[in-house]
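Residue-level listing of the chains:
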Amino acid sequence: SLSKDLVRNTLTALPAHDREHLESAEFQIECSDKFKVVSKGEGVLESEYQQVMAVTQALPPKLLQLLLGPAGKANQAHEILLSFDRNQDSTITVDEYQDFWRFICAFCITHATT
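Residues numbered from 1 in each chain as written. Predicted model: local features only at pLDDT ≥ 70, side-chain atom pairs only at ≥ 80, totals over all residues. Heavy atoms only, no water.

## A look at the overall build of the chain
Thought 1: From N to C terminus, the chain includes seven helices and zero strands.
Thought 2: Along the chain, from the amino end to the carboxyl end, the secondary structure elements read α-α-α-α-α-α-α.
Thought 3: A globule of 114 residues ought to have a C-alpha radius of gyration of about 13 Å, and the chain, at 13 Å, matches this closely.
Thought 4: Along the longest, intermediate and shortest principal axes, the C-alpha atoms of the chain span 35 × 35 × 25 Å.
Thought 5: Residue burial in the chain is summarised as follows: out of 114 residues, 38% are buried.
Thought 6: Of the contacts formed within the chain by residues at least 6 apart in sequence, a portion of 65% connects residues at least 24 apart.
Thought 7: Split by element, the accessible area of the chain, about 6600 Å² in all, is 55% carbon and sulfur. (Helix = DSSP H or I, 4+ residues; strand = E, 2+ residues; numbered from the N terminus. Rg over C-alpha atoms; globule rule 2.2 N^0.38 Å. Buried < 20%, exposed > 50% of the residue type's maximum accessible area, 1.4 Å probe, protein only. Contact = heavy atoms within 4.5 Å. Areas by Shrake-Rupley, 256 points an atom, 1.4 Å probe, with all protein chains shown as cover.)

Below, the structure written as structure tokens:
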């Protein structure tokens, strides 16, 4: 799973205009639309399979490798998403999914030069 420090540091390392975009209503709508697709309209990502698919299908292979390492496994993708499970109920809501995407976008921006 991702440490809270890594998530926080990644977000705070962003330039102000990028942080503002990731907090905007437009970004939240984009995330909600993505969530509707990956959750198949169920309103929550409940099963481990749904959660793994939400990560592995959403991210390009190169980014997955950066996050999971070269020998990344499905359970690691599951753990990454559950890092954003605020209430620790093993399900992912739309708000938690938005936090996940906020981190992913910030990670992409901060690692764009590598």
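Now that the structure has been shown, the text picks up again.
## As for the pattern of salt bridges
Thought 1: As enumerated under the stated definition, the model contains four salt bridges in all.
Thought 2: Here Arg 8 ties to Asp 5 by a salt bridge, and the two come within 2.2 Å at their closest N and O atoms. On the criterion of helical spacing, the pair formed by Arg 8 and Asp 5 is a turn pair, its members being three residues apart in helix α1 (residues 4-12).
Thought 3: Residue Arg 8 is classed as partly exposed on the basis of its relative accessible area, which comes to 46%. (Salt bridge = Lys/Arg side-chain N within 4 Å of Asp/Glu carboxyl O.)

## Quick look at unusual backbone geometry
Thought 1: Positioned with a positive phi, Gln 88 is a non-glycine residue whose angle comes to about 55°.
Thought 2: Here Gln 88 lies in the loop between α6 (74-82) and α7 (94-110).
Thought 3: Assessed through its relative accessible area of 59%, Gln 88 is described here as exposed.
Thought 4: Even without glycine at this site, Ser 90 takes up a positive phi of about 65°.
Thought 5: When you line up the elements, Ser 90 lands in the loop between α6 and α7.

## Structural notes on helix α5 (residues 61-68)
Thought 1: Listed as buried for α5 are Leu 63, Leu 64, Leu 67 and Leu 68. Down the axis of α5, the buried side of the element spans an arc of 115°, and every buried residue falls inside it. The exposed residues of α5 that point more than 90 degrees off its buried face are Pro 61 and Lys 62.
Thought 2: The secondary structure elements touched by the buried residues of α5 are α4 (48-56), α6 and α7.
Thought 3: Looking one or two residues beyond α5, the residue adopting positive phi is Gly 69, at roughly 85°. (Arc of directions from axis to C-beta.)

In short, shape yes, function no, at least from these values alone.
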